[in-house]
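These are the residues of each chain, in order.
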Amino acid sequence: LAKTTQPISMDSYEGQEVNITCSHNNIATNDYITWYQQFPSQGPRFIIQGYKTKVTNEVASLFIPADRKSSTLSLPRVSLSDTAVYYCLVGLYSSASKIIFGSGTRLSIRP
Amino acid sequence: SAVISQKPSRDICQRGTSLTIQCQVDSQVTMMFWYRQQPGQSLTLIATANQGSEATYESGFVIDKFPISRPNLTFSTLTVSNMSPEDSSIYLCSARDPVGDTEAFFGQGTRLTVV
């Protein structure tokens, strides 16, 4: 499983765009990049997944450069409710694969 | 998607006793997992619960301490045996949908305090 590195914490303000970058230098050809969000006292929740280029959904965008050695989760116009821990995961697409969590990024949004 | 229910949501237990945590999924799923999360820390995978066979444990976790059952495709239990204060943590159940989506779903967790 590829190791990921992401900032331990980030701060931002309401209405700003927040970009969280994750490094995964040893990503394998068949690996996908997935981000999860965890609010206090809740289990993690899937946000977005991608293989290359750009993926966008109603919650976030995921930017992946051509070499795939990093990825950036972009949260547009954050609100206080986006305060959470964000985990970057790299692994096989297969549903038979276990999921190993890294340290995550603790995002704090201020008014 | 899958909805996961865990019971109990929290408990305070005496050292030396055991607690069994139940995990119920509202649909059949191929894979079920158990995680532990210390306060302010990331999730650590304890084991993969295999339907009809013994669970697969990660390094540092053993069956005698964390026996797991998976009698069918929607239910699993994790027992924390002979508890000590070091076992105080949040225990989370997770499942992966077998069809289409590959995202994992998580229960709300069981907050265990051992005194």
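Residues numbered from 1 in each chain as written. Chains lettered and ligands numbered in written order. Predicted model: local features only at pLDDT ≥ 70, side-chain atom pairs only at ≥ 80, totals over all residues. Heavy atoms only, no water.

In this fold, Q108 of chain B is placed in the loop between strand 10 (104-106) and strand 11 (110-114). The class for Q108 of chain B is exposed, based on a relative accessible area of 51%. For the pair formed by Q108 of chain B and S9 of chain B, sequence separation is 99 residues and the distance between their alpha carbons is 7.5 Å. Excluding residues that lie within four positions of it along the chain, Q108 of chain B makes contacts with S41, Q42 and G43 of chain A together with Q6 and L92 of chain B. (Helix = DSSP H or I, 4+ residues; strand = E, 2+ residues; numbered from the N terminus. Buried < 20%, exposed > 50% of the residue type's maximum accessible area, 1.4 Å probe, protein only. Contact = heavy atoms within 4.5 Å.)

A separate point is the sheet that holds strand 1 (residues 9-13) of chain A. Residues and elements named next belong to chain A. The sheet built from 5 strands is open, its strands ordered 1-9-8-3-4 with mixed pairing. Strands at the two margins of the open sheet, each flanked by one partner only, are strand 1 and strand 4 (45-50). On average, each strand axis in the sheet is tilted by 25° relative to the strand beside it, whichever way the strands run. Bridge count for strand 3 (residues 31-38) against strand 8 (residues 84-92) is 8 bridges, and the pairing is antiparallel. (Pairing = 2+ DSSP bridges. Axes fitted to C-alpha atoms, helices over the stretch in contact; angles between N-to-C directions.)

With that settled, consider the pattern of salt bridges. Following the criterion strictly, the structure yields 3 salt bridges over all chains and no others. Note that R110 of chain A and D11 of chain A form a salt bridge whose closest N and O atoms lie 3.4 Å from each other. Separated by 99 residues along the polypeptide, R110 of chain A in strand 9 (residues 105-110) and D11 of chain A in strand 1 bring together distant segments of the chain. Here K98 of chain A makes a salt bridge to E58 of chain B, at a shortest N to O gap of 3.0 Å. With one member in each of two chains, K98 of chain A in the loop between strand 8 and strand 9 and E58 of chain B in the loop between strand 6 (56-57) and strand 7 (68-72) form a pair that bridges those chains. The class for K98 of chain A is partly exposed, based on a relative accessible area of 36%. (Salt bridge = Lys/Arg side-chain N within 4 Å of Asp/Glu carboxyl O.)

Once that is clear, we can look at the packing of aromatic side chains. Tallied over the full model, the rule gives 10 aromatic pairs over all chains. Arranged with centres 5.9 Å apart and planes meeting at 80°, the rings of Y36 of chain A and F46 of chain A form a pair that is edge-to-face. Of this pair, Y36 of chain A sits in strand 3 while F46 of chain A sits in strand 4, placing them 10 residues apart in sequence. The class for F46 of chain A is partly exposed, based on a relative accessible area of 21%. Seen in terms of ring centroids, F101 of chain A and F106 of chain B are 5.8 Å apart; in terms of plane orientation they differ by 70°. Their pairing is edge-to-face. Remark: F106 of chain B occurs in strand 10 and F101 of chain A occurs in the loop between strand 8 and strand 9; the pair is interchain, linking two chains. In this pair, the class of F101 of chain A matches that of F106 of chain B, namely buried. Members of the aromatic cluster, joined through ring pairs, are Y36, F46, Y87 and F101 of chain A together with Y35 and F106 of chain B. A cation over a ring is seen here: R68 of chain A above Y51 of chain A, with NZ or CZ 3.9 Å from the ring centre. (Phe/Tyr/Trp six-rings, centres within 6.5 Å; stacked < 30°, edge-to-face > 60°. Lys NZ or Arg CZ within 6 Å of the ring centre and 35° of its normal.)

Further remarks concern the pairing of strand 6 (residues 61-64) of chain A. All names here are of chain A. The pairing of strand 5 (residues 53-56) with strand 6 spans 4 bridges and is classified as antiparallel. Opposite T56, over in strand 6, you have S61 as the bridge partner. The turn joining strand 5 and strand 6, which pair antiparallel and follow one another in sequence, is formed by 4 residues. As paired elements, strand 6 and strand 7 (residues 70-75) share 3 bridges and run antiparallel to each other. By the bridge assignment, L62 is partnered in strand 7 with L73.

The next subject is the environment of V114 of chain B. Residue and element names in this part refer to chain B. Inspection of the secondary structure puts V114 in strand 11. It is 30 Å that separates the C-alpha atoms of V114 and N72, two residues lying 42 residues apart in sequence. In contact with V114, other than residues within four places in its own chain, are C13, Q14, R15, M83, S84, P85, D87 and S88.

This part covers the state of the cysteines. Scanning the model with the defined rule gives 2 disulfides over all chains in all. The disulfide that involves C22 of chain A links it to C88 of chain A, with 2.2 Å between the sulfurs. Because the torsion about its S-S bond is -80°, the bridge between C22 of chain A and C88 of chain A counts as left-handed. In this pair, C22 of chain A sits in strand 2 (residues 18-23) while C88 of chain A sits in strand 8, placing the two residues 66 residues apart along the sequence. Of the two residues, C22 of chain A and C88 of chain A, both sit in the buried class. Here C23 of chain B is linked by a disulfide to C93 of chain B, with a sulfur-sulfur distance of 1.9 Å. For the disulfide bridge between C23 of chain B and C93 of chain B, the dihedral angle about the S-S bond is near -70°, and by the sign convention the bridge is left-handed. With C23 of chain B in strand 3 (residues 19-25) and C93 of chain B in strand 9 (residues 89-96), this residue pair connects regions lying 70 residues apart in the sequence. Just so you know, C13 of chain B is unpaired, no disulfide at all, and the nearest cysteine sulfur is the one on C23 of chain B, 18 Å from it. (Disulfide = S-S within 2.5 Å.)

Read these as geometric descriptors, not functional statements.
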